[in-house]
Amino acid sequence: MRILLVLLAYLLATPQALAHGSDRLKVTETILLDATPETVWAAVGNFHDLAWDPAIVKTEGDGGNTVDSFRTTTLGNNGTIAEQLVIYDATKMTYSTFLPHNDPAVLPITNFSTILTVKPASSGGTEVVWRAAGFRGYPNDNPPPALNDEVAVKAMHDYLRAGLDALRRRFGRPNGS
């Protein structure tokens, strides 16, 4: 009986002991805007229209704001990414995307997902919260420098920040903050 318990403990521990690679990386970017949430949502709430985001050169897709629709975006570096709409709730002014397959040469992140939420700010105006999560571009141990955790986190911050900074230029910030 004792041998059976030791064997069972070994089998249960083995997956954790054998696990390797990177942890899921997460970033959050937030901005306050001097506009109503409805006005901001009108600018950002269409999954297939990323004209507000300067990091995006072109967006193509079909399915509108229907969950499981895809969009292909061309970035400023001429790379493309294909995103799937995972959650869409116009009432709550939020949507979530997932990149099921990504070329780490275009964006040094794998299994990249985002959640964009527009809501009233406690001080007036609007707060936009954009969260992202993913794994570094090289999922195994000892990644090359261009695909390590720090590069992935910076790429996520830069991607989100470019869009939010464009919204700030468009809508301003409350009381000049």
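Residues numbered from 1 in each chain as written. Predicted model: local features only at pLDDT ≥ 70, side-chain atom pairs only at ≥ 80, totals over all residues. Heavy atoms only, no water.

**Q** So what about the overall build of the chain? Which residues, and what values?
**A** What the chain contains, in helices and strands, is three helices and seven strands. N-terminal to C-terminal, the α/β element order of the chain is α-β-α-β-β-β-β-β-β-α. Across the 177 residues in the chain, those meeting the buried criterion constitute 40%. Here the chain has roughly 9700 Å² of accessible surface; of this, 57% comes from carbon and sulfur atoms. (Helix = DSSP H or I, 4+ residues; strand = E, 2+ residues; numbered from the N terminus. Buried < 20%, exposed > 50% of the residue type's maximum accessible area, 1.4 Å probe, protein only. Areas by Shrake-Rupley, 256 points an atom, 1.4 Å probe, with all protein chains shown as cover.)

**Q** Residue-level account of helix α2 (residues 37-44), with values.
**A** Taken as a whole, α2 has its buried residues at Pro-37, Val-40, Trp-41, Ala-43 and Val-44. The buried residues of α2 occupy an angular sector of 160° when projected down its axis, which confines them to one face. Opposite the buried face of α2, at more than 90 degrees from it, the exposed residues are Glu-38 and Ala-42. In this fold, the buried residues of α2 make contact with β1 (25-33), β4 (80-89), β5 (94-99), β6 (109-120), β7 (126-136) and α3 (149-171). (Arc of directions from axis to C-beta. Contact = heavy atoms within 4.5 Å.)

**Q** So, the sheet that holds β7: which residues are in play, and what are the values?
**A** Across the sheet, seven strands lie side by side as β1-β7-β6-β5-β4-β3-β2; this open sheet has antiparallel pairing. Whereas interior strands pair on both sides, the edge strands pair on one side only; in this sheet they are β1 and β2 (56-62). The sheet shows a mean angle of 20° between the axes of neighbouring strands, taken without regard to direction. Relative to β7, β6 runs antiparallel, the two sharing 10 bridges. Its bridge partner being in β7, Ile-115 is matched across the sheet by Arg-131. Together, β1, β4, β5, β6 and β7 form the strand contacts of α2, whose direction differs from that of β6 by roughly 150°. Packed on one face of the sheet, α3 meets β1, β2, β3 (70-75), β4, β6 and β7 and runs near 15° to β1. (Pairing = 2+ DSSP bridges. Axes fitted to C-alpha atoms, helices over the stretch in contact; angles between N-to-C directions.)

**Q** Break down the pattern of salt bridges for me, with residues and values.
**A** Two side chains of opposite charge can pair, provided their charged atoms sit close to one another. Scanning all chains against the criterion turns up eight salt bridges. Residue Lys-154 is joined to Asp-158 by a salt bridge in which the shortest nitrogen-to-oxygen separation is 2.6 Å. Taken as a pair, Lys-154 and Asp-158 lie in helix α3 at a separation of four residues, close to a single helical turn. Asp-165 is the partner of Arg-168 in a salt bridge, and the nearest nitrogen-oxygen pair spans 2.5 Å. Linking Arg-168 with Asp-165, this pair stays in helix α3, spanning three residues, or about one helical turn. In this structure Asp-165 comes out as partly exposed when scored by relative accessible area, which is 22%. One connected set of salt bridges, linked through shared partners, spans Glu-29, Arg-161, Asp-165 and Arg-168. (Salt bridge = Lys/Arg side-chain N within 4 Å of Asp/Glu carboxyl O.)

**Q** Explain α3 residue by residue, including any values.
**A** Structurally, the α-helix is built with 3.6 residues per turn, so residues lying three or four positions apart point the same way. Between its first and last C-alpha, α3 extends 33 Å over 23 residues, near the 33 Å set by a 1.5 Å rise per residue. Listed in full, the buried residues belonging to α3 are Ala-152, Ala-155, Met-156, Tyr-159, Leu-160, Gly-163, Leu-164, Ala-166, Leu-167 and Phe-171. The backbone nitrogen of Glu-150 lies 3.1 Å from a side-chain oxygen of the residue at the head of α3, namely Asn-148. Among the residues trailing α3, Gly-172 stands out with phi positive, at a value near 75°. (Expected span 1.5 Å × (residues − 1). Polar contact = N/O pair within 3.5 Å; in protein donor to acceptor, adjacent residues only side chain to side chain.)

These values are about where atoms sit, not about what they do.
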